[in-house]
Amino acid sequence: MNHTSPAPVAQAPRKAPAAAGAGTPRPPAGQRIAELLQRQGVLAVLLTVVIIASFVYPTFATLDNARGVTIQASFLAVVALGMTMVIITGGIDLSVGSVFALGGVLAAWASQWGFLAALFVPLVVCGAIGLLNGFLVARAGMAPFIVTLATLLGARGLLLAFTDEGATTYLVPKGSAFADLGQGSVQGFGYPILIALALFGIGGLLLQRTSFGQTLFAVGGSSDAATLMGLPVARTKILVYTLSGLLAGLAGALNAARLSSGVTIVGVGMELDAISAVVIGGTLLIGGAGSISGTLWGVLLLAVIQNLINQIGSLNSSYQSVVSGGFLIVVVVAQRYLARSRRTT
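Residues numbered from 1 in each chain as written. Predicted model: local features only at pLDDT ≥ 70, side-chain atom pairs only at ≥ 80, totals over all residues. Heavy atoms only, no water.

A. Looking closely at the overall build of the chain. Counting secondary structure elements, the chain contains 13 helices and two strands. When the 345 residues of the chain are sorted by exposure, 45% land in the buried category. Considering only residue pairs separated by 6 or more positions, the chain has 76% of its internal contacts joining residues 24 or more positions apart. Accessible area for the chain stands at about 17800 Å²; split by element, carbon and sulfur atoms hold 66% of it. (Helix = DSSP H or I, 4+ residues; strand = E, 2+ residues; numbered from the N terminus. Buried < 20%, exposed > 50% of the residue type's maximum accessible area, 1.4 Å probe, protein only. Contact = heavy atoms within 4.5 Å. Areas by Shrake-Rupley, 256 points an atom, 1.4 Å probe, with all protein chains shown as cover.)

B. Region of interest: the packing of helix α7 (residues 191-209) against helix α12 (residues 292-312). Running from amino to carboxyl end, α7 crosses α12 at an angle of 145°, the nearest separation of the two axes being 9 Å. Here α7 contributes F200, G203, G204 and L207 to the contact with α12, which in turn contributes I292, T295 and L296. The residue makeup of the contact of α7 with α12, split by class, is four nonpolar, three polar and no charged. (Axes fitted to C-alpha atoms, helices over the stretch in contact; angles between N-to-C directions. Nonpolar A, V, L, I, M, F, W, Y, C, P; charged D, E, K, R; others polar.)

C. Region of interest: the pattern of salt bridges. The full count for this structure, using the stated rule, is one salt bridge. Linking R67 and D64 is a salt bridge whose minimum nitrogen-to-oxygen distance equals 3.2 Å. Of the two residues, R67 and D64 are both situated in helix α2 (residues 63-88); the distance of three residues between them amounts to about one turn of the helix. Assessed through its relative accessible area of 23%, R67 is described here as partly exposed. (Salt bridge = Lys/Arg side-chain N within 4 Å of Asp/Glu carboxyl O.)

D. Just unusual backbone geometry, in detail. Residue Q187 is not a glycine yet carries a positive backbone phi of 55°. Looking at Q187, the relative accessible area reads 69%, which means it is exposed. Despite not being glycine, S260 shows a phi value in the positive range, around 65°. One can find S260 in the loop between α10 (233-259) and α11 (270-280).

E. Summary view of the packing of aromatic side chains. Enumeration according to the criterion identifies three aromatic pairs in this entry. Centroid distance W109 to W113: 5.0 Å. Interplanar angle 75°. Geometry classified as edge-to-face. When its relative accessible area of 27% is taken as the criterion, W109 is described as partly exposed. Measuring from centroid to centroid gives 5.4 Å for F162 and Y170, while their planes differ by 40°, and the two rings are tilted. The structure contains a cluster of three or more aromatic residues connected by ring pairs, namely W109, W113, F162 and Y170. (Phe/Tyr/Trp six-rings, centres within 6.5 Å; stacked < 30°, edge-to-face > 60°.)

F. Spotlight on the side chain of N307. Positionally, N307 belongs in helix α12. Sequence-distant contacts of N307, that is, excluding residues within four places in its chain, are made with F60, N65 and V69.

G. Examining the packing of α2 against α11 more closely. Across the interface, α2 lies against α11 with an axial gap of 8 Å and an inter-helix angle of 65°. In terms of orientation, α2 lies roughly perpendicular with respect to α11. Helix-helix and strand crossings are classified by hand; for α2 and α11 the assignment is right-handed. Of the residues in α11, those touching α2 at F75, L76, V79, A80, M83, T84 and I87 are M270, E271, D273, A274, I275 and V278. (Parallel < 35°, antiparallel > 145°, perpendicular 65-115°, else oblique. Left-handed = near helix turned anticlockwise from the far one by under 90°.)

H. Geometry of α10. If you check α10, its first and last C-alpha atoms are 39 Å apart, about what 27 residues at 1.5 Å a residue would give, namely 39 Å. Taking burial as the measure, the 27 residues of α10 include 21 buried ones, the bulk of the element. One or two residues past the end of α10 sits S260, with phi positive at roughly 65°. (Expected span 1.5 Å × (residues − 1).)

I. Broad picture of a nonpolar patch on the surface. Together, L47, I51, I52, F55 and V56 make up an exposed nonpolar region whose accessible area comes to about 550 Å². In this structure, I51 sits in helix α1 (residues 29-56). (Patch = residues over 30% accessible without salt bridge, like charges linked within 9 Å, V, L, I, M, F, W, Y side chains within 5 Å.)

J. Expanded view of helix α3 (residues 96-110). In a regular helix each residue adds 1.5 Å, so 15 residues correspond to 21 Å; α3 covers 20 Å between its end C-alpha atoms and thus fits that length. With respect to burial, α3 is a largely interior element, 14 of its 15 residues being buried.

K. A look at the confidence of the model for the chain. Taken over all residues, the pLDDT of the chain has a mean of 83, while the share at 70 or more is 81%. Note on residues 1-22: pLDDT under 50 across the span, and zero contacts to partners over four residues away in sequence or across chains. (pLDDT = per-residue confidence, 0-100.)

L. Spotlight on the environment of L194. With respect to the helices and strands, the residue L194 is situated in helix α7. A relative accessible area of 37% means that L194 is categorised as partly exposed. Sequence separation of L194 and T70 is 124 residues, and the distance between their C-alpha atoms is 10.0 Å.

M. A look at the side chain of N133. Considering the arrangement of structural elements, one finds N133 in helix α4 (residues 115-138). The exposure class assigned to N133 is buried, which follows from its relative accessible area of 1%. When sequence neighbours within four positions are dropped, the list of residues in contact with N133 reads D93, S95, V147, T148, T151 and Y241.

Printed below as a string of structure tokens:
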């Protein structure tokens, strides 16, 4: 009885072991450049505009002008911080302008009872509006555009009812601790600037160094995938809309402290400025990508443009909307091109 030996089994060639210390392969150079431009392109534009303006207009590069630009930008920056987190999750918040104005009026009204009341009342009311936005978007499944448009109108209506159609202006007591919060300064830089920088520092840490920040990106990338991963999608959306309301209310309170009154006509169109700053800063409107630092550069770029229009003198402030709109179109087109470049490299 003959026994045949089994045929030899072909073995796949062994791969050479990876070199010691070798990590994940670096992405192609084109992809790295596209990512860098998306994250920091606005900073390069901002620096270019500042350098050119410093040579053209001698008064632009003065310390007093820098203080003026940054104090005006600080209120929008606080609002845009909350907007950044909302947009990263794939949402939008159109109510922040009205909430900003409402927060200022409530703060001025409550300031007669002291510093804590002047902060507590607007934060509670504006936070509740943000909470309502988040609940309707996350739990009721309503479109963020419709929900926040409704609360924009509702907050403005509440503001007008509270001030008798704008006939009543509430004043902040002179010399009070709350007034000092908006008018005090360190080395000439107002407290609102320092507060905005501190909030951006905290926001940057939350977004980049915590699981909460990673959840925001995951929810913005795909809510369905985030749900399958076991992430708290609904809770995250409720939280970011609540934060947006709180920050808008805080910015309004700071503005009231600086003006020593609750002005009813402020905040009109502020939601569009905040969205513009966020998008110009590199945050995608579709969600899933963005940065806190980019938003800060976007806010400063808009503030510098406004200041340059004032420096020119022959142009009125309406030209800021024209320039901001132009920047927004260019940035959105650039983002689409960069996103396509990252996919093809």
